[in-house]
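Now for the letters of each chain:
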Amino acid sequence: METNITPASPVELDTYDPRRFDWPLAFEAEAFLNRRIAAFLELNSYAACLARRMRDETGTDFFEWIDHLVLSPEDAEELREVGFINDPNAETPDGAPVLHHPRATLPRVILRAGQAQNPSLIALRPEFVADFVARHNFMGPIEGAPLSRYRRVVVAVENGTQLEALERHAYLGFVPKSLRAGEAGAILEAAELWRTRRRFFADDAEGFDLARRLLKESSLLVGRDLTCQLFFESERAYWENRNRAARVQKFRQDQLGLGWGNHDHHTFRCSRRHFVDLIDFLVNLGFEKRERYYAGAEAGWGAQISEQSMAGIVVFADVDLLPDETQFDFSSHRLPAAPKLGTVGLWVGLHGESFLGAGMHHLEARFDYQLLREQLKELGVNTMNPFSNFEFLRQAFTEGERWSVNPERAQRLLDHQLITPTQFDKFTTEGAIGSHLENLQRHGGFKGFNQKSVSVIISATDPRISHFKAA
């Protein structure tokens, strides 16, 4: 399914269908919010200083950390004209309406009357609010108990404006709630299930079976949506431990107490044998399938994009495909063994399933694209050439982390004539590219991906090809 790129229109959004994936460009909506944010930064010097530090010290944009703004009800008409609609899933303490743009990656807006300024409030969303408080030496207490669904802290009050920071636990509203007796212990127990999950098995099917059992156990403890959040916190930690670029950038973001609050999507590479198992696991975590990519015979791969809206997680799952397999839903039909390996299948053959021992192929987070390239280069982290370079979408991988290859894995591939003896020698002596950090910048609230160029980068990461080109 190709992703069409067309401007949003009010009529189109009034008849919003969540199953449509022709993601629009919402430049007018983004520009409206940017005008309000600029006005806020003029009045709140602490926020303005933090925005500069985010750029200078982490290569990120203040805009990408915003959870929501509080605006005047007088803005309602213009917000609706640029594509915002009522958010039915967002409760507020005073019943104030919440607007969101359902087909764009833009902050939400609360409309509240009687405020001194417009915007009167901007709330940032670091990964963990306690880390944010600790790094900035705030005095104010955190509202909401540790591990509870919604936590917030007042950061700076100036000239009728208020900067806040908040943390969400699979909750889209704005009302803190006390934990029930035993609930904190259940959350910690569920988190530990995923942190200590066994990942290496003689047969990968055992790993998927274990994960399904853990999913049932965790869901009984804390529910499906919070299980999803805890699972991906553990996946990011596992991936980060296997990727130097991730550790370098995470350290930079942690210095401002931000964590991975700017994550955009998580990418798993999967074998044909277990692709349906991976998607089934995600569906049981509360994911809804979005667009499917199938780039054709020349690329030899496909992908299913899925989204869990309560936890705010997007997954890009890759798999090798044969040309005639692009005509059906390959995320629901188990694929037979193929006579040869494509880029994704070879990666899995050399390193293992992303879902298990290999870990994610990459995390894509939102940055100031050019600024991050320059800053990471100064720290010894090079970036590959961009595979999307549009006004609305810019993307590039950092240089791949080279992992050693288990000789037994390579031998199995050689025995099945899936690699050559020369490739066997190369992989077992030099290793093969394992993981990346992806640098992404979105504009116009664009929620989709660039299918043609994603195909190019899939090919460029094939370890059989001498591909890396630093820039």
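Here, every reference points to the structure presented above.
Rules used in this analysis
Residues numbered from 1 in each chain as written. Predicted model: local features only at pLDDT ≥ 70, side-chain atom pairs only at ≥ 80, totals over all residues. Heavy atoms only, no water. Phe/Tyr/Trp six-rings, centres within 6.5 Å; stacked < 30°, edge-to-face > 60°. Helix = DSSP H or I, 4+ residues; strand = E, 2+ residues; numbered from the N terminus. Buried < 20%, exposed > 50% of the residue type's maximum accessible area, 1.4 Å probe, protein only. Axes fitted to C-alpha atoms, helices over the stretch in contact; angles between N-to-C directions. Parallel < 35°, antiparallel > 145°, perpendicular 65-115°, else oblique. Contact = heavy atoms within 4.5 Å. Nonpolar A, V, L, I, M, F, W, Y, C, P; charged D, E, K, R; others polar. 1 Å grid on protein atoms, 1.4 Å probe; cavity = no way out; pocket = protein on both sides within 12 Å on 5 of 7 lines; lining within 4 Å. Points joined across faces, edges and corners; volume = space filled by probe spheres on them. Pairing = 2+ DSSP bridges. Polar contact = N/O pair within 3.5 Å; in protein donor to acceptor, adjacent residues only side chain to side chain. Core = buried A, V, L, I, M, F, W, Y, C linked by side-chain atoms within 4.5 Å.

**Q** I keep staring at the packing of aromatic side chains and nothing clicks. Help me out?
**A** Pairs of aromatic rings are described using the distance from one ring centre to the other and the angle between the two planes. Summed over all chains, the structure comprises 22 aromatic pairs. Taken together, a centroid distance of 6.2 Å and an interplanar angle of 70° make the contact between tyrosine 150 and tyrosine 171 edge-to-face. Here tyrosine 150, found in strand β8 (residues 150–158), pairs with tyrosine 171, found in the loop between β9 (161–168) and α6 (183–195); they are 21 residues apart in sequence, far enough to count as distant. On the accessibility criterion, tyrosine 171 (9% relative accessible area) is buried. An angle of 55° between the planes, with centres 5.8 Å apart, marks the rings of tryptophan 239 and tryptophan 260 as tilted. Taken together, the residues span a long stretch of sequence, with tryptophan 239 in helix α8 (residues 224–240) and tryptophan 260 in the loop between α9 (244–254) and β10 (263–269) at a distance of 21 residues. Each of the two residues, tryptophan 239 as well as tryptophan 260, counts as buried. Among the aromatic residues, ring-to-ring pairing joins Trp194, Phe208, Phe231, Phe232, Phe268, Phe281, Phe287 and Phe355 into one connected group.

**Q** Sorry if this is basic, but what is going on with the packing of helix α7 (residues 204–222) against helix α10 (residues 275–284) here?
**A** Helix-helix packing is characterised by the crossing angle of the two axes and by the distance between the axes. Taken N-terminus to C-terminus, the directions of α7 and α10 make an angle of 5°; their axes are 11 Å apart at the nearest point. Relative to α10, the element α7 is oriented roughly parallel. Mapping the contact onto sequence places Phe208, Ala211, Arg212 and Leu215 in α7 and Asp277, Leu278, Phe281 and Asn284 in α10. Looking at side-chain class alone, the contact of α7 with α10 contains five nonpolar, one polar and two charged residues.

**Q** Can you help me understand the layout of surface pockets in this one?
**A** The calculated volume of the second largest pocket comes to roughly 1,000 Å³. Together, 36 residues line the second largest pocket, and Asp204, Val348, Gly349, Arg409 and Arg412 are the ones closest to its centre. Secondary structure elements with two or more residues in the lining of the second largest pocket: α11 (343–351), α12 (354–358) and α14 (407–415). The element contributing the most residues to the lining of the second largest pocket is α11, with five residues.

**Q** What is the right way to read the pairing of β10 from this model?
**A** Within a regular beta strand, the side chains point alternately toward one face of the sheet and then the other, so they alternate between its two faces. Burial analysis of β10 places seven of its seven residues in the buried class, which makes it a mostly covered element. Two strands pair when backbone bridges link them, and β10 and strand β13 (residues 313–320) are joined in this way by four bridges, in the parallel orientation. Counterpart to threonine 267 in the pairing with β13 is phenylalanine 316.

**Q** Would you take a moment to explain the environment of glutamine 304 for this structure?
**A** Relative to the helices and strands, glutamine 304 is located in strand β12 (residues 301–308). Its relative accessible area of 1% is what places glutamine 304 among the buried residues. When the C-alpha atoms of glutamine 304 and proline 97 are compared, they prove to be 34 Å apart, with 207 residues separating the residues in sequence. What glutamine 304 contacts, discounting residues up to four positions off in sequence, is Phe275, Ile279, Lys289, Arg290, Glu291, Arg292, Val315, Phe316, Ala317, Asp329, Phe330 and Ser331. Polar side-chain contacts of glutamine 304 include one of 3.2 Å to the backbone oxygen of arginine 290. Polar contacts involving the side chain of glutamine 304 include one to the main-chain carbonyl oxygen of glutamate 291, which spans 3.5 Å.

**Q** For this particular structure, what's the right way to read the nonpolar core?
**A** Nonpolar side chains in soluble globular proteins tend to be buried together. With 51 residues, the main nonpolar core has Phe232 and Phe281 as its most contacted residues. Residues in contact with phenylalanine 232, not counting those within four places in the same chain, are His266, Phe268, Leu282, Leu285, Phe287, Ile313 and Val315. By size, the runner-up hydrophobic cluster in this structure holds 38 residues, among which are Ala51, Met54, Val155 and Leu256.

**Q** For this particular structure, what's the right way to read α9?
**A** Within the sequence span of α9, burial applies to Ala245, Ala246, Val248, Gln249, Lys250, Arg252 and Gln253. Against the buried residues of α9 lie α3 (45–58), α8, α13 (369–378) and β18 (432–442). N-capping of α9 is provided by asparagine 243, with a side-chain oxygen placed 3.2 Å from the backbone N of alanine 245.

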